[in-house]
Amino acid sequence: MPQTLTEKILSRASGKSVAPGDVVEVKVDIAAFHDLTGYHVIEVMEKAGMLKVFDKQKIVIAFDHLAPPPDVRSAEIQTQIRKFVKELKIPNFHDINVGILHQILLEKYANPGYVIVAADSHTTTSGAVGAFAQGLGASDVAAAVITGKTWVMVPQPFKIMLEGKPGKWINGKDVALKILGDFKADYFNGMSIEIFVREPSAFPMDFRATVSNMGIEMNADALMFVPDDETVNYIKTNRGYEPNTVRPDEGAKYVDEYTIDLGKLEPLVAAPHSVDNVKTVNEVEGLDVDQVFIGSCTNGRISDFEIAAKILKGKRVKSRCIAIPASYDLFKKAMELGYIETLVNAGCIVTYGTCGPCLGGHFGVAGPGETIVSTSSRNFKGRMGSNDSKVYLAGPAVAAASALEGKITDPRRFS
Amino acid sequence: MIVEGKVLKFGDKIDTDIIIPARYLKYTDPQYLAQHAMEPLDPEFYKKASAGVILVAGKVFGMGSSREQAAIALKASGVRAIIAESFARIFYRNAINNGLPAIVLPGVTQLINEGDYVKINVETGEIIVNNQKVYKGRGITGMPLKILESGGLLDYLKKVSIQNQGGN
């Protein structure tokens, strides 16, 4: 029987032919965690009396949520994990100077067809290269780290087709918000989304990563871009080898399908306090903004910085603006391309490779009554700090334009 | 496995940042987390839940982060079970892994009210409200039930590991 990408990956990983609704045990190709969840994963392993890993090469650890540590407890958590890394001789460990876990998985480890689990919900990001990637809690990840296995309920596959070419200020974020606005945050519960791109080069890896990243906001079990030329080129360029690809069979069955014409998209915003409270930028234009955040595992990539630099070049921001590339490598690239200089000259605070303000951690926590425009993934009540703050989610074009004007602004004014 | 208690009711899309804000995640102590459960929505939640309650909620309860502290905080604050229209996948697993029963019942927010007294058969999903009305939710069976009955994934893993060492 023809199989979807979801069914193909999970059949291989479980060693039997699966169908939606089946509950199966699968082998994992990568199990990962970061600092904030990592100490909890290790604590579970210790309490279970099983401080061992199934395959050292398949464990990935990165420090991002508490990097660099904003307080003594954070430093202590990182020390505990470094000790674990040393004792178990884990080779794929990335300290505070490397970047955000999901970006590192994408840059160095994720391959098409992989099953990836990590103790963070935005693990879906690796779906950008066609991996079945899921976030799990600390206990489930501890079990996967020890045994190399986890269980999944095979989700119902849903097909999305992307057609046409996106306009100048349109980015992966607008596609993610379009899906959230049209379907709402509960629709894809129990489903996996498989996205086909009609013209692969029209929707590059940066954009795909943003959409996959927000698959969890859609409550999808996984969100995967069907591997194509863009996927192969990305991995070849970044890692120097050609990956094996896996694609759905012709005639594979989906519960439903939906098409987005990229050429018709306009800049979108998710208003407080829900990711699916989606509006066009014009509906909220003119609202005063205290702080703008450009970065996170959602929108901290080169194309995001390119867009921001285009808007901010030779100008000064009116709102506080914090910009954080998602990894050290991206920071260096953005520096070579002059984007960092442009942003710094425009008055932005720029640092590298930390989750920072996205989860109200540090480096720009929202105060009471403040309005934030953020390129991150969530605008839940109190997400970025005070319960009385408001977060508007947007792509980098809306974020940079809003920083420049000090109020929510349509970037198309800068064409 | 039977759990019972008085109902506290919530709406749709109760997210993990509401259940336990990120600033409390540097610790896993259940009592510490319990004091901050649901804080952004109701700072009095801890007091209300302490006598032992059943949560009734709308769609995708627990959406958002993978933070297992969300399930730990609710359980430690006195929540004995959650009945929701639907659950976010990660939270559902975290709840089971921490011995907190999670029952799916579409339409539950129309059927059960704040203050009702409910009795749940976790395995069959049968829910008795005020000793009168009976509804049928999705029960928990198979491995998730075994994990629940062991008190959580950790205790389940220990049990399995001991059995294996015993040569069974």
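Quick notes on the rules
- Residues numbered from 1 in each chain as written.
- Chains lettered and ligands numbered in written order.
- Predicted model: local features only at pLDDT ≥ 70, side-chain atom pairs only at ≥ 80, totals over all residues.
- Heavy atoms only, no water.
- 1 Å grid on protein atoms, 1.4 Å probe; cavity = no way out; pocket = protein on both sides within 12 Å on 5 of 7 lines; lining within 4 Å.
- Points joined across faces, edges and corners; volume = space filled by probe spheres on them.
- Helix = DSSP H or I, 4+ residues; strand = E, 2+ residues; numbered from the N terminus.
- Nonpolar A, V, L, I, M, F, W, Y, C, P; charged D, E, K, R; others polar.
- Polar contact = N/O pair within 3.5 Å; in protein donor to acceptor, adjacent residues only side chain to side chain.
- Contact = heavy atoms within 4.5 Å.
- Pairing = 2+ DSSP bridges.
- UniProt positions renumbered as here; feature names shortened; annotations may be inferred.
- Salt bridge = Lys/Arg side-chain N within 4 Å of Asp/Glu carboxyl O.
- Axes fitted to C-alpha atoms, helices over the stretch in contact; angles between N-to-C directions.
- Core = buried A, V, L, I, M, F, W, Y, C linked by side-chain atoms within 4.5 Å.
- Buried < 20%, exposed > 50% of the residue type's maximum accessible area, 1.4 Å probe, protein only.

Caption draft 1: Expanded view of the layout of surface pockets. Space inside the largest pocket adds up to approximately 670 Å³. Considering the residues around the largest pocket, the lining is formed by 29 residues, among which Trp151 and Met153 of chain A together with Tyr92, Val104 and Arg138 of chain B are closest to the centre. The set of elements that each furnish at least two residues to the lining of the largest pocket consists of strand S7 (149-153) of chain A together with helix H5 (89-97) and helix H7 (142-150) of chain B. When the residues that make up the lining of the largest pocket are grouped by side-chain class, the tally is 15 nonpolar, nine polar and five charged. Each pocket or cavity is described by its volume, and for the second largest pocket that value is around 500 Å³. Glu25, Ala143 and Thr147 of chain A together with Tyr156 and Leu157 of chain B are, among the 23 residues lining the second largest pocket, the residues nearest its centre. Within the residue set of the lining of the second largest pocket, elements represented by two or more residues are strand S1 (23-27), helix H5 (138-147) and S7 of chain A together with H7 and helix H8 (153-165) of chain B.

Caption draft 2: Layout of the side chain of Thr28 of chain B. Turning to its location among the elements, Thr28 of chain B is positioned in the loop between helix H1 (16-19) and helix H2 (30-34). At 2.7 Å, the side chain of Thr28 of chain B and the side chain of Glu43 of chain A are in polar contact. The residues touching Thr28 of chain B, leaving out its near neighbours within four places in the chain, are Tyr39, His40 and Glu43 of chain A together with Leu33, Gln69 and Ile72 of chain B.

Caption draft 3: Molecular detail of the pairing of strand S1 (residues 2-9) of chain B. Residue and element names in this part refer to chain B. The pairing of S1 with strand S5 (residues 117-121) spans five bridges and is antiparallel. Among the inter-strand pairings, Lys6 is bridged to a residue of S5, identified as Tyr117. Two elements, S1 and strand S2 (residues 53-57), share four bridges in a ladder whose sense is parallel. By the bridge assignment for S2, Leu8 is matched with Leu55.

Caption draft 4: Representation of the UniProt feature "domain: Aconitase A/isopropylmalate dehydratase small subunit swivel" (unreviewed entry) in chain B. The residues that UniProt annotates with the feature "domain: Aconitase A/isopropylmalate dehydratase small subunit swivel" (unreviewed entry) are residues 40-103 of chain B. Here residues 40-103 of chain B runs as 36% helix and 20% strand, with 24 Å between its end C-alpha atoms.

Caption draft 5: Here's a closer look at the pattern of salt bridges. For the structure shown, the criterion picks out 29 salt bridges over all chains. The partner of Arg82 of chain A in a salt bridge is Asp95 of chain A, with the nearest N and O atoms 2.7 Å apart. Here Arg82 of chain A, found in helix H3 (residues 72-87), pairs with Asp95 of chain A, found in the loop between strand S4 (93-94) and helix H4 (101-109); they are 13 residues apart in sequence, far enough to count as distant. A salt bridge links Glu44 of chain B to Lys47 of chain B, with the nearest nitrogen and oxygen atoms 3.4 Å apart. Through salt bridges that share partners, Glu266, Asp410 and Arg412 of chain A make up one connected network.

Caption draft 6: Region of interest: the sheet that holds S5 of chain B. Residue and element names in this part refer to chain B. Overall, mixed pairing links the seven strands, which are arranged S4-S3-S2-S1-S5-S6-S7 in an open sheet. Taken across any chain shown, the strands that pair with only one partner, and hence form the sheet edges, are strand S4 (102-104) and strand S7 (133-136). For this sheet, the mean angle separating the axes of adjacent strands, direction not counted, is 30°. With four bridges connecting them, strand S6 (residues 126-129) and S7 associate as antiparallel partners. Across the sheet, Ile127 pairs through a bridge with Tyr135, a residue of S7.

Caption draft 7: Region of the structure containing the nonpolar core. Judged by nonpolar contacts, the single largest core of 152 residues is most densely connected at Phe61, Leu74 and Ile83 of chain B. Among the nonpolar cores identified, the runner-up in size contains 44 residues, and Phe183, Met214, Leu223 and Tyr258 of chain A belong to it.

Caption draft 8: How the structure looks around the sheet that holds strand S18 (residues 390-394) of chain A. Residue and element names in this part refer to chain A. Sheet architecture is open: seven strands sit in the order S13-S12-S18-S17-S14-S15-S16, paired in mixed fashion. Strands at the two margins of the open sheet, each flanked by one partner only, are strand S13 (278-280) and strand S16 (349-350). As defined by bridge partners, strand S15 (residues 320-324) adjoins S16 across two bridges and the pair is classed as parallel. Counted as the bridge partner of Ile322 is Ile349 from S16. Against the sheet, helix H14 (residues 396-405) makes contact with strand S12 (268-270), strand S14 (291-295), S15, strand S17 (371-374) and S18, and its axis sits at roughly 145° relative to S14, the strand it touches most.

Caption draft 9: Representation of empty space enclosed by the protein within the structure. For the structure shown, the criterion picks out two cavities of 30 Å³ or more. By volume, the largest cavity is sized at about 270 Å³. What lines the largest cavity is a set of 26 residues, among which His34, His65, Asp120 and Leu359 of chain A together with Ser65 of chain B lie closest to the centre. For the lining of the largest cavity, the secondary structure elements donating two or more residues are helix H2 (35-47) and helix H10 (296-299) of chain A. Looking at the lining of the largest cavity residue by residue, the class counts come to eight nonpolar, 13 polar and five charged. The volume enclosed by the second largest cavity comes to roughly 60 Å³. Every residue lining the second largest cavity is listed: Ile216, Asn219 and Ala220 of chain A together with Met63, Gly64, Ala88, Arg89 and Ile90 of chain B.

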